Amino acid sequence: KDLSVAMFIDEARLAARLDHPNVVQTFEADQDQGRYFLAMEYLDGQPLSALIERLRARGGLPLGLHVHVLCEMLLGLQYAHELRDYDGSLLHVVHRDVSPQNVFITYHGQVKVVDFGVAKARNASTLTTPGVFKGKFAYAAPEQAFGRPVDARADLFAVGVMLWEAIAGRRFSDHSPTHEAFQARLAGREPRIQSVAPDTEPLLADICDRALAVDPEQRFPSAEAFRNELQDYLLLTGQRLESAELAQLMREVFTAERVTMHQ
């Protein structure tokens, strides 16, 4: 129990420091009658995973809008990765569980990264046991899957998996985390995007391949660099999309849920 409380306090301390339009806002961390809680902003919308699932039958989330969502996510991640302590030193925050379930889209088209519950800052009081994997295997960078030390580039690998899935229209890894699946991830044997979707714009395929590099040194150096490349792709293909289009789609797709919520 003491370890659970310590981990909760770590999460609370970190969450309270995060103040960015693309990260869920935490207002308070406290306890009530011995039960600890986080008070967070109310988000009126749905997880990205729910939007993808809802649109599956009609051809999926349009690629331009999907890339727009990833660009907004990367803004939030860049902010978290650059977060500094009160003395100005980097906190080295890594989310470590970036996935469609942990990206929330409001009915106004805002994109928020949520659930920094397994995120780690350098000065956290509870340390992850070496060799212990936390997160979702499907989106885990090779070094994270093997319980090795991770930095911000592990989050960028996860966004790379999400980009691969956005282009391919299917899951990157359907495997449960078997020994074979772990070995394939470590060796980079999972399919490159153009082997699955050969018509992928070469620029976008290059971006996806770079994000999914086994060696962190071969990935983008930052979320900002990753986002800049995706923005260039949207610009060159005439797909610069804004939150208004995303909001319109959200309201259209989840009409029944919105009516039920507000009755």
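What comes next is a walk through the structure. (Residues numbered from 1 in each chain as written. Predicted model: local features only at pLDDT ≥ 70, side-chain atom pairs only at ≥ 80, totals over all residues. Heavy atoms only, no water.)

### Description of the environment of Met-162
By the element assignment, Met-162 lies in helix α5 (residues 152-168). On the accessibility criterion, Met-162 (2% relative accessible area) is buried. Expressed as a C-alpha distance, the spacing of Met-162 and Asp-215, which sit 53 residues apart in the sequence, is 18 Å. Beyond its immediate stretch of four places on either side in the chain, Met-162 contacts Leu-48, His-66, Leu-70, Met-73, Val-98, Ser-99, Pro-100, Val-103 and Tyr-139. (Helix = DSSP H or I, 4+ residues; strand = E, 2+ residues; numbered from the N terminus. Buried < 20%, exposed > 50% of the residue type's maximum accessible area, 1.4 Å probe, protein only. Contact = heavy atoms within 4.5 Å.)

### Thoughts on the sheet that holds strand β3 (residues 45-47)
Here we have three strands laid out as an open sheet, ordered β3-β4-β5, and antiparallel in their pairing. Strands at the two margins of the open sheet, each flanked by one partner only, are β3 and β5 (111-113). Direction aside, neighbouring strands of the sheet carry axes that sit 25° apart on average. Two strands pair when backbone bridges link them, and β3 and strand β4 (residues 103-106) are joined in this way by three bridges, in the antiparallel orientation. If you follow Pro-47 over to β4, its bridge partner there is Phe-104. Helix α2 (residues 48-55) rests against β3 and β4 of the sheet, and its axis sits at about 85° to β3. Those strands touched by helix α3 (residues 63-81) are β4 and β5, and its axis lies near 45° from that of β5. (Pairing = 2+ DSSP bridges. Axes fitted to C-alpha atoms, helices over the stretch in contact; angles between N-to-C directions.)

### Section: the pairing of β4
Covered by surrounding structure in β4 are Val-103 and Ile-105 together with Phe-104 and Thr-106, the residues of both alternating faces. Where β4 and β5 come together, three bridges link them in antiparallel fashion. Pairing of Phe-104 across the sheet is with Lys-112, part of β5.

### Considering the packing of α5 against helix α9 (residues 223-236)
Contact pair α5 / α9: the axes reach a minimum separation of 10 Å and the direction vectors enclose 25°. Judged by the inter-axis angle, α5 sits roughly parallel to α9. Like other packed secondary-structure pairs, α5 and α9 cross with a definite hand, here right-handed. Counting all contacts with α5, which are made through Leu-156, Val-159, Gly-160 and Leu-163, the residues of α9 involved are Ala-223, Phe-226 and Leu-230. (Parallel < 35°, antiparallel > 145°, perpendicular 65-115°, else oblique. Left-handed = near helix turned anticlockwise from the far one by under 90°.)

### What about the packing of aromatic side chains?
For the coordinates displayed, the defined rule picks out five aromatic pairs. When the centroid spacing of 4.8 Å and the interplanar angle of 45° are considered together, the rings of Phe-137 and Phe-182 count as tilted. Of this pair, Phe-137 sits in the loop between β5 and α4 (142-145) while Phe-182 is found in helix α6 (residues 179-187), placing the two residues 45 residues apart along the sequence. Looking at Phe-137, the relative accessible area reads 5%, which means it is buried. The class for Phe-182 is buried, based on a relative accessible area of 17%. Three or more aromatic residues link up through ring pairs in this structure, and these residues are Phe-137, Phe-146 and Phe-182. Sitting over the ring of Tyr-86, Arg-17 keeps its end group 4.0 Å from the ring centre. A cation sits over an aromatic face here: Arg-185 above Phe-137, 4.6 Å from the ring centre. (Phe/Tyr/Trp six-rings, centres within 6.5 Å; stacked < 30°, edge-to-face > 60°. Lys NZ or Arg CZ within 6 Å of the ring centre and 35° of its normal.)

### Some words on the nonpolar core
Counting 59 residues, the largest nonpolar core has Leu-51, Met-73, Leu-163, Phe-226 and Leu-230 as the members making the most contacts within it. Elements with a contribution of two residues or more to this core: α2, α3, β4, β5, α5, α8 (202-211), α9 and α10 (243-253). At ten residues, the largest contribution of residues to this core is made by α5. For Leu-51, the contacting residues outside a window of four places in its chain are Leu-61, Ile-105, Leu-246, Met-250, Val-253 and Phe-254. (Core = buried A, V, L, I, M, F, W, Y, C linked by side-chain atoms within 4.5 Å.)

Keep in mind that these numbers describe shape and distance, not what the molecule does.
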